[in-house]
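Listed below, chain by chain, are the residues.
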Amino acid sequence: MARKNLYRSLLLLSFLAVNAGIIYGLASAWTFLNTGADKSSILHIGGAIELAYQPKITWTTEGQQGRKISKQALGELEKDYLNAWYVKNVALASYDQLGIEDYYTEDARKQLKTLVKNNQENHIQIKVTTLSHNPQLEFYSLDGKMAVLTDNNVVQFEKVYAAEELLHQQKTTHRYQVILILEDGFWRIRQMVKLPHKPEINTTANTISFDTKKWKGINYYPKDNPWDMYGNHFNEEVINKDFETIEAMGLNSVRVFVPYEIFGGASVKEEMLEQLVALLDIAKDRNLKVLVTLFDFYGDYDLMDWTLTHRHAETIVSRLKTHEALLGWDIKNEPDLDFESRGKANVLAWLSEMTQQIKRNDSIHPITIGWSTPEAAMHLANEVDFVSFHYYEAPENFKERFQTLKDSVDDKPLVLEEYGKSSYSGIWNLFSNSTSAQADYIGRIQSVLDEEKLPYFIWTLHDFENVPSSVVGRKPWRKAPQKYFGLIDSKGKNKPAYHQIDVKRKGDNQ
């Protein structure tokens with residue numbers, strides 16, 4: 001009898017649980033249908049878009065008609081408006097229509113889908129991104145469900161491909177009038193019309209003033225943390241001691257590197273910024289100027305990634321541009337090494353646009369690009385303020401190759417941004433090197449530098465006991481030589497090459 005009662009109780013409880021589940025499900029469905037889709041509870045790509053697409057946007061709400069829009073409502077409108085641009089750009093580039101339903105009304109998405117279908121049938125790809133928007137809110141309805149805006153000076157960069165072959169690329173500026181409707185929790189574009197646009201002409205003169213001939217510098221990493229000096233490895237005491245050594249040598253500048261990913265990509269980490277500022281503070285105390293090399297270890301260059309790199313540069317440049325120790329900006333270290341893997345046209349287009357982005361944020365400090373050879377440095381020479389190149393090859397050919405570069409860039413200032421020689425002597429080079437050979441190499445290069453009054457940054461202050469595999473790979477015959485380029489060995493002893501650079505000892509401090 002007791003067992004039967006137990007079975008009855010279990011059956012009753014199961015019945016009640018099933019019915020409760022059904023009632024809860026019906027209630028949830030009723031709530032969903034009556035309140036509209038919740039962006040956080042359905043499949044939606046908005047969050048991912050924010051991480052992939054961040055063009056500069058500046059709103060104007062003066063003169064807006066209708067209901068005054070709140071800051072929160074404007075933020076939602078901006079988010080969905082930019083998302084609409086992004087999903088359109090993705091669809092034109094890859095024929096992927098994910099997100100079109102979310103950000104375009106039925107009529108608008110029909111037109112967009114037709115365009116994408118026609119492009120796909122004709123094997124046409126349009127890779128495009130917008131770099132900046134300047135929307136003026138014209139109207140916001142009383143019920144908060146319609147907005148009209150005019151987007152001025154929309155800067156776009158596009159590449160058109162036919163059968164995967166690049167036909168042309170261009171940077172353009174347009175003006176659009178846009179109507180958006182709030183449906184199911186999404187602002188959707190109902191209509192977008194391109195308006196006549198008269199490009200603004202910038203008549204502001206370039207006021208940059210600098211004298212590279214006084215620059216005598218060194219590429220810098222701490223002895224114990226080469227290529228990894230920030231975060232937990234950042235040590236102000238070590239940097240101060242090294243900068244004291246550099247100052248004592250009679251050098252007046254250092255070149256440092258900002259790793260893109262470690263600094264946070266588009267969302268630059270405040271901790272890293274503070275450390276970079278602290279480094280410049282130490283340099284200032286030691287009468288040193290700092291050439292900041294951006295985008296270290298960055299290698300994407302894809303058009304869809306451009307806005308993220310722009311926000312990265314904007315944050316760092318805006319923070320440092322007033323610092324007394326800042327010498328200038330080096331956009332990228334040896335980008336020509338990415339020509340083969342990433343496409344020469346892609347790399348050059350990214351570099352060209354980045355020079356404009358940095359100049360827009362800092363019109364005072366000079367800009368350069370750190371090319372790996374004198375020949376590569378001929379690229380974009382007219383777009384930088386001084387031309388930088390690296391040299392690690394035979395010293396007897398240095399002057400001729402330098403002169404060829406000099407003749408090709410007219411009166412543009414030149415800087416030997418990296419040079420040096422490893423003193424490694426071991427099994428991987430058949431014991432064919434030495435510290436004296438290193439000193440002789442640097443001495444021969446220095447004689448040309450002195451003769452031509454060519455500014456320089458030598459590689460580097462210290463020998464390193466450890467070189468990350470991520471920098472040169474795991475092959476020992478590549479890693480071993482990289483450890484011995486320093487003027488000071490790993491035990492803190494000055495190598496013979498040190499005295500080739502000791503400006504004060506040579507009586508050449510200027």
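Residues numbered from 1 in each chain as written. Predicted model: local features only at pLDDT ≥ 70, side-chain atom pairs only at ≥ 80, totals over all residues. Heavy atoms only, no water.

Asker: Help me out: how do you make sense of the side chain of Gln125 in this one?
Answerer: By the element assignment, Gln125 lies in strand S3 (residues 124-140). Residue classification places Gln125 among the buried positions, given a relative accessible area of 19%. A distance of 2.7 Å separates a polar side-chain atom of Gln125 from the backbone oxygen of Ala93. In this view, Gln125 contacts Leu92, Ala93, Tyr95, Lys159, Val160, Tyr161 and Glu164; residues no more than four positions away in its chain are not counted. (Helix = DSSP H or I, 4+ residues; strand = E, 2+ residues; numbered from the N terminus. Buried < 20%, exposed > 50% of the residue type's maximum accessible area, 1.4 Å probe, protein only. Polar contact = N/O pair within 3.5 Å; in protein donor to acceptor, adjacent residues only side chain to side chain. Contact = heavy atoms within 4.5 Å.)

Asker: Where do I start with helix H7 (residues 270-285) in this structure?
Answerer: Side chains that are three or four residues apart share a direction in an α-helix, a result of its 3.6 residues per turn. Taking 1.5 Å of rise per residue, the 16 residues of H7 would be expected to cover 22 Å, and the 23 Å separating its terminal C-alpha atoms lies within 8% of that figure. When H7 is considered as a whole, its buried residues turn out to be Met272, Leu273, Gln275, Leu276, Val277, Ala278, Leu279, Leu280, Ile282 and Ala283. (Expected span 1.5 Å × (residues − 1).)

Asker: Help me understand the nonpolar core in this model?
Answerer: Burial of nonpolar side chains together is a common tendency in soluble globular proteins. Formed by 96 residues in total, the largest nonpolar core has its most connected members in Phe243, Leu279, Ile316, Trp329, Phe398 and Leu416. Looking at this core element by element, the count peaks at 9 residues for H7. The contact partners of Trp329, leaving out residues within four places of it in the chain, are Leu291, Val292, Leu294, Ile316, Val317, Leu320, Ile358, Asp362, His365, Pro366, Ile367 and Thr368. Counting 37 residues, the second largest nonpolar core, distinct from the first, contains Ile69, Leu82, Ala91 and Val128. (Core = buried A, V, L, I, M, F, W, Y, C linked by side-chain atoms within 4.5 Å.)

Asker: Help me out: how do you make sense of the layout of surface pockets in this one?
Answerer: One way to see where empty space is left: roll a probe the size of a water molecule over the atoms. Empty space within the largest pocket amounts to approximately 610 Å³. Looking at the largest pocket, it is lined by 21 residues, and the ones nearest its centre are Trp227, Asn333, Glu334, Leu337 and Val471. Counting only elements with at least two residues in the lining of the largest pocket, the list comes to strand S10 (326-333), helix H13 (469-472) and helix H14 (476-482). Tallied by class, residues from the lining of the largest pocket come to 11 nonpolar, 4 polar and 6 charged. (1 Å grid on protein atoms, 1.4 Å probe; cavity = no way out; pocket = protein on both sides within 12 Å on 5 of 7 lines; lining within 4 Å. Points joined across faces, edges and corners; volume = space filled by probe spheres on them. Nonpolar A, V, L, I, M, F, W, Y, C, P; charged D, E, K, R; others polar.)

Asker: I keep staring at empty space enclosed by the protein and nothing clicks. Help me out?
Answerer: For the structure shown, the criterion picks out 1 cavity of 30 Å³ or more. The computed volume of the largest cavity comes to approximately 60 Å³. Every residue along the wall of the largest cavity is listed here: Tyr221, Trp227, Asp228, Met229, Tyr230, Phe257, Pro259, Ile262, Asp296 and Phe297. Across the lining of the largest cavity, the residue classes break down as 8 nonpolar, no polar and 2 charged.

Asker: I'm lost on unusual backbone geometry in this one. Help?
Answerer: Trans peptide bonds make up most of the peptide bonds, and negative phi angles are found at most residues other than glycine. In this structure, Thr460 follows Trp459 across a cis peptide bond, with omega equal to 0 degrees. Residue placement: Thr460 occurs in the loop between strand S14 (456-458) and H13. Within the chain, His123 stands out as a residue other than glycine whose phi angle is a positive 60 degrees. Here His123 lies in the loop between helix H5 (106-121) and S3.

Asker: I tried to follow the packing of H7 against helix H8 (residues 306-320) on my own but got confused; where do I start?
Answerer: Relative orientation and spacing of two packed helices are given, respectively, by the angle between their axes and the distance between those axes. Put simply, H7 and H8 touch, their axes get as near as 11 Å, and they point 40 degrees apart. Along this stretch, H7 crosses H8, giving a crossing that reads as right-handed. Contact residues: H7 offers Glu270, Leu273, Glu274, Leu276, Val277 and Leu280, while H8 offers Thr315, Ile316, Arg319 and Leu320. (Axes fitted to C-alpha atoms, helices over the stretch in contact; angles between N-to-C directions. Left-handed = near helix turned anticlockwise from the far one by under 90°.)

Asker: Quick question: what am I supposed to make of the environment of Pro455 here?
Answerer: Counting through the fold element by element, Pro455 comes out in the loop between helix H12 (435-452) and S14. C-alpha of Pro455 to C-alpha of Leu416: the two residues are 39 residues apart in sequence and 6.3 Å apart in space. Not counting residues within four places of it along the chain, the set of residues in contact with Pro455 comprises Thr212, Lys213, Trp215, Leu414, Val415 and Leu416.

Asker: How should I be thinking about the packing of helix H3 (residues 71-94) against H5 in this particular structure?
Answerer: The N-to-C vectors of H3 and H5 enclose an angle of 20 degrees; their axes lie 9 Å apart at closest approach. As summarised for this structure, H3 and H5 are arranged roughly parallel, according to the angle between their axes. Across from Lys88, Ala91 and Leu92 in H3, the residues of H5 making contact are Leu112, Leu115, Val116 and Asn119. Each residue belonging to the contact of H3 with H5 can be placed in one class, and the counts come to 5 nonpolar, 1 polar and 1 charged. (Parallel < 35°, antiparallel > 145°, perpendicular 65-115°, else oblique.)

Asker: What should I look at first to understand a nonpolar patch on the surface in this one?
Answerer: On the surface, a cluster of nonpolar side chains totalling about 510 Å² of accessible area is made up of Ile427, Trp428, Phe431 and Trp477. One can find Ile427 in the loop between strand S13 (414-419) and H12. Overall, Ile427 belongs to the exposed group, its relative accessible area being 58%. (Patch = residues over 30% accessible without salt bridge, like charges linked within 9 Å, V, L, I, M, F, W, Y side chains within 5 Å. Areas by Shrake-Rupley, 256 points an atom, 1.4 Å probe, with all protein chains shown as cover. Salt bridge = Lys/Arg side-chain N within 4 Å of Asp/Glu carboxyl O.)

Asker: Just to check I follow, could you spell out the pairing of strand S7 (residues 216-219) for this structure?
Answerer: Residues in a regular strand point their side chains to alternate faces of the sheet. Side chains of S7 alternate between two faces, with Lys216 and Ile218 and Gly217 and Asn219 buried alike. Judged from the 3 bridges that link them, S7 and S14 form a sheet pairing that is parallel. From the neighbouring strand, Lys216 faces S14, where its bridge partner is Tyr456. Two elements, S7 and strand S8 (residues 253-259), share 3 bridges in a ladder whose sense is parallel. Within S8, the residue paired with Asn219 across the bridge is Arg255. Handedness of the crossover is the feature at issue here: the chain leaves S7, passes through helix H6 (residues 236-248), returns alongside S8, and the resulting connection is right-handed. (Pairing = 2+ DSSP bridges. Right-handed = clockwise from strand over helix to strand, strands pointing away.)

Asker: How should I be thinking about H12 in this particular structure?
Answerer: Compared with the 26 Å implied by 1.5 Å per residue over 18 residues, the 26 Å span of H12 between its first and last C-alpha is a close match. Among all positions in H12, only Gln438, Ala439, Tyr441, Ile442, Gly443, Ile445, Gln446, Val448 and Leu449 are buried. Structurally, H12 contributes buried residues whose contacts are with strand S12 (387-391), helix H11 (398-408), S13, S14 and helix H15 (498-501). Positioned one or two residues after H12, Lys453 has a phi angle of 55 degrees, which is positive.

Asker: Would you mind showing me how to read the pattern of salt bridges here?
Answerer: Where charged atoms of side chains with opposite charge meet at close range, the side chains can pair. Tallied over the full model, the rule gives 20 salt bridges. A salt bridge links Arg286 to Glu247; its shortest N-O distance comes to 3.7 Å. Within this pair, whereas Arg286 is found in the loop between H7 and strand S9 (289-296), its partner Glu247 is found in helix H6, the two being separated by 39 residues in sequence. The shortest N-O distance in the salt bridge between Glu375 and Arg401 comes to 2.8 Å. Residue Glu375 is found in the loop between strand S11 (367-371) and S12, and its partner Arg401 is found in helix H11; the two are separated by 26 residues along the sequence. Residue classification places Glu375 among the partly exposed residues on the basis of a relative accessible area of 37%. Through salt bridges with shared partners, a single ionic network connects Arg255, Asp330, Glu417 and Glu418.

All we've got here are geometric facts, nothing functional implied.
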